Amino acid sequence: MLGNGEVVAKLEISWDELLDRGDEPIDISFPPVCDFHPSLTLKAAVLHPCDNDDSALLDSIVECEIARETDVGHEQFAKYMTSKTVTHLNDAVQHFQLVLDRCPVDHPDRAAALTNLASTRLKDYTENDRQDIVSITSLFREALALRPQGHPDHPLSIYHLAQALGWRYSKENFTAVYIHESARLCCKLMPLCPEGTYLHSIMVGPYGVNVVIYGCNNLPIDASDEGIHLRRVVLELCPPGNEHYPEALENLAETLRSRFEQCGSIDDLDECIQCGREAVSLCSEGHSKYDAYLNNLATSLLTRFKKLGKYHDLNEAISLYEKILRLCPVGHDFRHISLDNLGAALFTRFSQRSDVDDINRSISLHREALTLRPPGNPYRDYTLNNLAAALQIRYDNLDVSEDLSEDLNEAIDLYRDSLQSTQLDHPLRHTTLNNLSSALSSRFRQTLKDEDVEEAIRLCQESLEALSSLHPGRWLSYRGLQEAYLSRYRVQRKSADLSLAVENFRLGSRHLTQGFPERIGEAITWVRKSELYQHESALEAYQTCLDLFDNHVMMRSSIISRREAETALRGARSLPVDAASCAIRRDDLRRAVELLEQGRGQQWSLASRLKTPVEDLESENANLARRFSELSKCLSEAQSSTVSTDGTAADQAETRYRKLTELWGAVVAEIRDLKGFSHFLLPPLYEDLQAAARHGPVIILIASEYSCSAIIVPTSGDPHHVPLSSITLTDLKNLKDRFARAIRHASVMGPKVPRNDLIVLLRAVWDGIMLPIVNVLQHDLKLKHQSRIWLCPTAAFMSIPLHAAHPFQTKADRSKEPCLEDLYICSYTPTLSALVRSRQMMKKRVPPSFVAIGQGQPRAGKSKELLAIDSELELVRKLVPATANRTTVSGDAATRAGALQALQENNWVHLACHGKQDHEQPYNSRFAMKDEPLTLLDIMEKDIPHAEFAFLSACHTAVGDEETPDEVVHLAAGLQFSGFKSVIGTLWEVDDAVARHVVEAFYENMFKDLEDGDVMDCTKAAWALNRATHAVKTKVPLEQRMVFIHIGV
């Protein structure tokens, strides 16, 4: 039965007229119904009884009775639809029941009989409440089972069952399971109803699928897998353009966020934000739910910030909350919500940036919200907590005075008010317990009243008892307990309290439901407190920090966002050197080297993992090697150099990158299960790192607030510790600033004027830093004169020209005391791993090809013209052997693209141009070309495995980043990472006219005694630079000789 029992038309025809047509069918058209034109085809046949086939005659009689009863049923149903007389409906039910009784299970008309009876009874149920809906749906289910996929009436049977379930949902207390099934059936049905069919018109009409969508959209949020599946089904039912589509998107977003809050999967939160963005984009400001959609999107962005620490999420959330507040002026019903949400977001930003305007405004907003939420308001508890938290953080972070102590007392009173009005089983009660605990610990530190700290501990313990082992709220309890135990330890000095505090630091930093920023912050506090109180867990705390930080950075999809992560966390900048210092103070030098290496140069380390050679792995498991290589390539390509300004595109890129990272991590875990590969891509051990010292010792200089010292990694054996007891971190920072001033001053002096300021500073470097190291090299390691050494400076040491250390003294026999470069051939390395990688890549050599790239007139005169560039290029061309396949790229050809191509096609490069270190964004440091700059990012994205040597005759090419010095982000390091094993870089501005002398002396020494058939050797570069700086002493002033350094093999 399709339709609702309407009388379409009446047909009158005589039997004789019908029989005269014989086998010819009769097509009959009827007036339109719902814009469709129904039709009917009749065909008459004469049945002749067979003498010997009584069963056939009986069957035909039964078929006639079935047809007659069915017709009567339809006639009675049509009368009911016209008159609404229930007796007609009763008659229809009786006739259809008789038909069903005459149609056994295998009867071809049973499905139709089931459908007619169920449809009639459904009408009785919906209009008269007289039928059993359970049996009605059973009839429709049986009919559907008899009409499987492919049957012409399969779609019709799906429709009837879906309709019955929808009615059952609306009539039986809106039981969700019925609308769930109805929605799933509609989702199956829609593709089976082509546009233009009657069934399609019903489905898209007001009583079709929209009824199901409306019912589903009004269901409460269900974060189970089934609940989320339902939301996806509803989204399929209302494609873009449907009036319910934005609400369906929003419901899916809310359900995903709810599951994220329960399970912590960042993929759920990412998809939630994508859905929220789309829902907002489909609504104008006048839409009834526009502000609600904005609010939910802002809340999701704020939640993701707390998980991942991406500041653009926080700022976007605040911007959206500000917009919502403007849409909710005084008197608006939802103003209290927008006030409280914006206040909470500003509180979060204050906790990160400490802008007092943020916290003052946050408090003001919460106070206004509280006036709009009087006692009895269901949201009052939230505002009490939020206002209290804002007052407390202002007290904890600003100057502790009498006025601000009132903030703390008011916060405690507000927390208590909230607790008194909160049910014991309230899902957020634990938050108030933990917040009150924290406030009481703060007051204990002020008043020293034991009852405060004891109550603080009890409150956190009560919170933990109420929460499951993986509940996100446990992290707050761990934090509250460590704060309370530490507060009591400061006063009572009981070691048990310190141990309990450390245990809660350990639990908090390892609680997986929290995002990396929170866990890293907890681990950093653990580090600082264990150092302050000299607790034995300090090294464990440092290791935890570095592990968490490595994972945090690994999850960022862009180079820029990784740097943002590196600079955002307070106290993270000095972790590597402080960890090494801690290990040194515990006489564990090998561990010091390992920790320092793990924490430094993470950008290079992360990128190098994706370029790891797999030759050994291929011989063990070729399939795993192939999967690892393919995923590494995909991950490398998925990395973007910039953060997209399109929020949706950025979210999608982040999600894709993270999923690739998870797949890559799973493959790495499989590789580590192989015999002999258990340490695959884990932070290197000392034995691995010692390979960097194969051709000479590596001297690591460690600048920490706890100690300054050097570790010498020899070619074999244990490392040597060299205390630099006369130098502090403050001294190094002062020395760095004095060098910067002296270099600037020297740049305006005449070439013959003595550089007295520089001489004093270089003597200080010799006496306080390099002399103690030289003593160990000479007396303990017995290192021969003119042997090679590698300097690996950290932190403040990186801004000091260590290679130029000089005593500037005369011996008793009137000979001059040797300087560092008289004694040894000095090179630098950003990290030990970088040097190890360069040595490994030296195994594959190709015939030399040399390119000289020069640009003296970049970007149409926007930079100062370099007049000596062309002569320098010509000089280099003459000094390089003809066997090196020499080429030159200069003038109009020296564009960004031209320079990149030349770098990729040649394995020896000389680059002469303007160089610029970008202090705001070091990855934008650049070489000036004719059209646009060649940036560090451009270079990092290239892989040039056969490259060997690069001479960077440009300014500032080996200067690190002030914000993250231990990341060693500069142009020379970028070239080394991209494949160049040996690089000459510069520490400050180069005078191109004077530098020509150094360049000439360098190449003369580099290719000295090179005969036909000899191989050009990039490992001679350090020696050639050493000889060159000695050779030009009378021609080149001191600061222009010091400016050049060698990096690499």
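Everything numeric here is computed off the predicted structure, so don't read it as measured data. (Residues numbered from 1 in each chain as written. Predicted model: local features only at pLDDT ≥ 70, side-chain atom pairs only at ≥ 80, totals over all residues. Heavy atoms only, no water.)

Draft legend 1. Main features of helix H6 (residues 154-171). The terminal C-alpha atoms of H6, which comprises 18 residues, lie 26 Å apart, in line with the 26 Å expected from a rise of 1.5 Å per residue. When you tally the buried positions in H6, you get 14 out of 18 residues, the bulk of the element. (Helix = DSSP H or I, 4+ residues; strand = E, 2+ residues; numbered from the N terminus. Expected span 1.5 Å × (residues − 1). Buried < 20%, exposed > 50% of the residue type's maximum accessible area, 1.4 Å probe, protein only.)

Draft legend 2. Broad picture of unusual backbone geometry. We note that Arg-814 has phi near 70°; this positive angle belongs to a residue other than glycine. Mapped onto the elements of the fold, Arg-814 is located in the loop between strand E6 (787-793) and helix H35 (820-823). Within the chain, His-956 stands out as a residue other than glycine whose phi angle is a positive 55°. As for its placement among the helices and strands, His-956 is situated in the loop between strand E14 (949-953) and helix H40 (971-978). A relative accessible area of 25% means that His-956 is categorised as partly exposed.

Draft legend 3. Fine view of the environment of Val-1015. Its place among the elements puts Val-1015 in the loop between helix H41 (992-1006) and helix H42 (1021-1031). Linking Val-1015 and Arg-845, residues 170 residues apart in sequence, is a C-alpha distance of 9.9 Å. Filtering out sequence-adjacent residues up to four positions away, Val-1015 remains in contact with Arg-845 and Leu-1010. (Contact = heavy atoms within 4.5 Å.)

Draft legend 4. Here's a closer look at the nonpolar core. Counting residues in hydrophobic clusters, the biggest one holds 198 residues, and the most contacted among them are Ile-769 and Phe-1002. If near-sequence neighbours (up to four positions away) are discounted, Phe-1002 is found in contact with Phe-949, Phe-951, Ile-984, Ala-1021, Ala-1024, Leu-1025 and Ala-1028. Counting 90 residues, the second-largest nonpolar core is a separate cluster that includes Phe-77, Ile-202, Val-212 and Ala-369. (Core = buried A, V, L, I, M, F, W, Y, C linked by side-chain atoms within 4.5 Å.)

Draft legend 5. Structural context of the environment of His-914. Following the sequence through the fold, His-914 ends up in the loop between strand E10 (908-912) and strand E11 (915-916). Residues His-914 and Ala-928, spaced 14 residues apart in sequence, show a C-alpha to C-alpha distance of 5.3 Å. Among residues more than four places away in sequence, those in contact with His-914 are Gln-855, Pro-858, Ser-863, Lys-864, Leu-866, Arg-926, Phe-927, Ala-928 and Ala-954. Only 2.4 Å separates the side chain of His-914 from the backbone oxygen of Lys-864, close enough to count as a polar contact. (Polar contact = N/O pair within 3.5 Å; in protein donor to acceptor, adjacent residues only side chain to side chain.)

Draft legend 6. Helix H10 (residues 225-237), seen in detail. Taking 1.5 Å per residue as the helical rise, H10 with its 13 residues ought to reach 18 Å, and the 19 Å between its terminal C-alpha atoms agrees with that figure. Of the residues making up H10, those classed as buried are Gly-227, Ile-228, Leu-230, Arg-231, Val-233, Val-234, Leu-235 and Leu-237.

Draft legend 7. Fine view of the pattern of salt bridges. For the structure on display, the rule yields 40 salt bridges. In this structure, Asp-153 and Arg-147 form a salt bridge, with 3.8 Å as the shortest nitrogen-oxygen distance. Take Asp-153: its relative accessible area is 30%, and that puts it in the partly exposed class. Looking at Arg-147, the relative accessible area reads 6%, which means it is buried. The closest approach of N and O atoms between Asp-718 and Arg-590, which form a salt bridge, is 2.7 Å. Of the two residues, Asp-718 sits in the loop between strand E4 (708-713) and strand E5 (720-723) while Arg-590 sits in helix H27 (residues 589-599), which places them 128 residues apart along the sequence. Arg-590 sits in the partly exposed class, given a relative accessible area of 28%. Connected through salt bridges with shared partners, the residues Glu-503, Arg-506, Arg-510 and Glu-540 form a single ionic network. (Salt bridge = Lys/Arg side-chain N within 4 Å of Asp/Glu carboxyl O.)

Draft legend 8. Representation of the packing of helix H11 (residues 245-263) against helix H13 (residues 290-308) within the structure. Relative to each other, H11 and H13 sit at 30°, their axes nearing to 11 Å. Considering their axes alone, H11 and H13 lie roughly parallel with respect to each other. Between H11 and H13 lies a crossing of left-handed hand. On H13, the residues that touch Pro-246, Glu-247, Glu-250, Glu-254, Arg-257 and Phe-260 of H11 are Ala-292, Tyr-293, Asn-296, Thr-299, Ser-300, Thr-303 and Lys-307. Here the residues of the contact of H11 with H13 sort into 4 nonpolar, 4 polar and 5 charged. (Axes fitted to C-alpha atoms, helices over the stretch in contact; angles between N-to-C directions. Parallel < 35°, antiparallel > 145°, perpendicular 65-115°, else oblique. Left-handed = near helix turned anticlockwise from the far one by under 90°. Nonpolar A, V, L, I, M, F, W, Y, C, P; charged D, E, K, R; others polar.)

Draft legend 9. Broad picture of the sheet that holds strand E12 (residues 926-927). Spatially, E11-E12-E13 is the arrangement adopted by the 3 strands of the open sheet, whose pairing is antiparallel. If you trace the sheet from one side to the other, it starts and ends with E11 and strand E13 (934-935), each paired once. As defined by bridge partners, E12 adjoins E13 across 2 bridges and the pair is classed as antiparallel. Opposite Phe-927, over in E13, you have Leu-934 as the bridge partner. (Pairing = 2+ DSSP bridges.)

Draft legend 10. Region of interest: the environment of Asn-218. Relative to the elements of secondary structure, Asn-218 occurs in the loop between helix H9 (209-217) and H10. Judged by its relative accessible area of 45%, Asn-218 is partly exposed.

Draft legend 11. Local environment of the confidence of the model for the protein. With 88% of its residues at a pLDDT of 70 or more, the protein has an overall mean of 85. Segment residues 1-6 is flagged for pLDDT under 50; beyond a separation of four residues in sequence, or across chains, it makes 18 contacts in the model. (pLDDT = per-residue confidence, 0-100.)

Draft legend 12. Region of the structure containing the side chain of Ser-463. Take Ser-463: it is sitting in helix H20 (residues 450-466). Ignoring anything within four residues of it in the chain, the contact list for Ser-463 reads His-430, Leu-433, Asn-434 and Ser-477.

Draft legend 13. The arrangement of the packing of aromatic side chains in detail. Within this structure, the stated rule accounts for 15 aromatic pairs. Taking the centre distance of 6.0 Å and the plane angle of 20° together, the rings of Tyr-1003 and Phe-1007 count as stacked. According to the relative accessible area criterion, Tyr-1003 is buried, its value standing at 0%. Here a set of aromatic residues connected by ring pairs shows up, and it is made of Phe-850, Trp-908, Phe-949, Phe-951, Phe-1002, Tyr-1003, Phe-1007 and Phe-1044. The lysine or arginine in question, Arg-353, covers the ring of Tyr-311, its NZ or CZ lying 3.8 Å from the ring centre. Taking the ring centre of Trp-790 as reference, the NZ or CZ of Arg-839 above it sits at 4.9 Å. (Phe/Tyr/Trp six-rings, centres within 6.5 Å; stacked < 30°, edge-to-face > 60°. Lys NZ or Arg CZ within 6 Å of the ring centre and 35° of its normal.)

Draft legend 14. Structural detail: the pairing of E14. Among the 5 residues of E14, 5 are classified as buried, and the element is accordingly described as predominantly covered. Of the two faces of E14, the one carrying Phe-949, Phe-951 and Ser-953 and the one carrying Ala-950 and Leu-952 are both buried. When E10 meets E14, the two strands line up parallel, connected through 5 bridges. The partner of His-910 across the bridge, within E14, is Phe-951. Summarising the sheet, E14 and strand E15 (residues 982-986) pair through 3 bridges and their orientation is parallel. If you follow Ala-950 over to E15, its bridge partner there is Val-983.

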